[in-house]
Amino acid sequence: MTLQKLFLTFFGAGLSPKAPGTAGSLAALPVGAAIIYYLGIESLFMLTIAVTIIGIFEVNKYEKQTGTHDQSHIVIDEAVGMWLSLMIAYSTMITLSYPYIEILALVFSFAAFRLFDIWKPSTIGWIDREWKGGYGVMMDDVLAGIAAGLLTALLLMGVGKLF
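Treat the numbers as computed from the prediction; the structure is a model and nothing was measured.

Per the stated rule, a full pass over the model turns up 4 salt bridges. For Asp-117, the salt bridge is made with Arg-114, and the minimal N-O distance between the two is 2.6 Å. A residue pair is termed a helical-turn pair when its members lie 3 or 4 positions apart in one helix, as Asp-117 and Arg-114 do in helix 5 (residues 101–119) at 3 residues. Each member of the pair, Asp-117 together with Arg-114, is buried. In this structure, Lys-120 and Asp-140 form a salt bridge, with 2.9 Å as the shortest nitrogen-oxygen distance. One end of the pair, Lys-120, is in the loop between helix 5 and helix 6 (122–130); the other, Asp-140, is in helix 7 (residues 133–162), and 20 residues separate them in sequence. The partly exposed category is assigned to Lys-120, whose relative accessible area is 21%. Each of the salt bridges in this network shares a partner with another, and the network as a whole consists of Arg-114, Asp-117, Lys-120 and Asp-140.

Structure below.
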């Protein structure tokens, strides 16, 4: 496997025969959580920016090579979206204190990201349909990740009101 394909499939997660987007998101979740835990949220933020920029260029090159757009095995965009959702969830989580909040933050950020990534409401869907190349592949997931993070923040705060 080439370095490009390893990157675009998020270390092969996108090669899953069923639900490659979900597999890519699920693979990115513990990576993002570990980076936050061991290196800090700032490190994950910088990595997310770098992977987004590199992803745009690599997707453009890959699409030129293959003549196809947004292949299902390309899941580096899901990794970026998942990390954005996770960072917003984490930023909210550290302001709250109740049992199992860490697990809820992980579960909610994953579920909310998959919801927005599959559903593609509003501007997310417009970007997915109208923007071509690497920008289109990456940016709908960037927006889905931000929307998912905000929804997760609201859910965590709502659950916090119960405790």
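Attention now moves to the packing of helix 2 (residues 20–39) against helix 5. Relative orientation of the contacting elements helix 2 and helix 5 amounts to 145 degrees, with a least axis distance of 11 Å. Seen from above, helix 2 lies across helix 5 with right-handed handedness. Listed contacts from helix 5 to Gly-21, Thr-22, Ser-25, Leu-26, Leu-29 and Ala-33 of helix 2 are Leu-106, Ser-109, Phe-110, Phe-113 and Arg-114.

Time to look at the side chain of Asp-77. In this fold, Asp-77 is placed in helix 4 (residues 76–93). Buried and unpaired, Asp-77 has Lys-120 as its nearest opposite-charge partner, separated by 6.6 Å. Excluding residues that lie within four positions of it along the chain, Asp-77 makes contacts with Asp-70, Val-137, Met-138 and Asp-141.

Turning to unusual backbone geometry, a few remarks are in order. A positive phi angle, close to 50 degrees, is found at Asp-70, a residue other than glycine. If you trace the backbone, Asp-70 turns up in the loop between helix 3 (41–66) and helix 4. In this structure, Ser-122 is a non-glycine residue whose phi angle is positive, near 50 degrees. Relative to the helices and strands, Ser-122 resides in helix 6. The exposed category is assigned to Ser-122, whose relative accessible area is 62%.

Along the chain, Thr-52 turns up in helix 3. On the basis of relative accessible area, Thr-52 is assigned to the buried category, the value being 10%. Polar contacts involving the side chain of Thr-52 include one to the main-chain carbonyl oxygen of Thr-48, which spans 2.7 Å. Excluding its chain neighbours within four sequence positions, the residues that come into contact with Thr-52 are Val-80, Met-138, Met-139 and Val-142.

Here we come to a nonpolar patch on the surface. A grouping of Met-1, Leu-3, Leu-6, Phe-11 and Leu-15 is seen on the molecular surface, where their side chains present a nonpolar patch of about 580 Å² in accessible area. Structurally, Leu-15 is set in the loop between helix 1 (3–8) and helix 2.

Conventions adopted
- Counting restarts for each chain, with residues numbered from 1 along the sequence as it is written.
- This being a predicted model, a pLDDT of at least 70 is required before a residue's local features are given, and a value of 80 or more before pairs of side-chain atoms are given or counted; all residues contribute to the totals for chains, interfaces and linings.
- Side-chain metrics in this entry use all non-hydrogen atoms of the structure; hydrogen atoms and water are not considered.
- Basic side-chain nitrogens of Lys or Arg form a salt bridge, by our definition, when they fall within 4 Å of a carboxyl oxygen of Asp or Glu.
- Under the DSSP-based scheme used, a helix requires at least four consecutive residues in state H or I and a strand at least two consecutive residues in state E, with every element numbered from the N terminus.
- Burial classes: relative accessible area under 20% of the type maximum marks a residue as buried, over 50% as exposed, and values in between as partly exposed (1.4 Å probe, protein chains only).
- Inter-axis angles, ranging from 0 to 180 degrees, are taken between N-to-C directions of lines fitted to C-alpha atoms, where helices are fitted over the stretch in contact.
- By the definition used in this description, the sense in which the near helix is turned from the far one sets the handedness, with an anticlockwise turn below a right angle giving left-handed and a clockwise turn giving right-handed.
- By the convention used here, residues are in contact when the closest approach between their heavy atoms is within 4.5 Å.
- As used throughout, the charge tally considers Lys and Arg to be positive and Asp and Glu to be negative, leaving His and the chain termini uncounted.
- Whenever two N or O atoms come within 3.5 Å, that pair is a polar contact, provided that in protein one can donate a hydrogen and the other can accept it, and provided that, for residues adjacent in sequence, both atoms are side-chain atoms.
- Note that patches include only residues with greater than 30% relative accessible area and no salt bridge, and the join distances are 9 Å for like charges and 5 Å for nonpolar side chains (Val, Leu, Ile, Met, Phe, Trp, Tyr).
- Note on areas: Shrake-Rupley with a 1.4 Å probe; residue coverage comes only from the protein chains shown.

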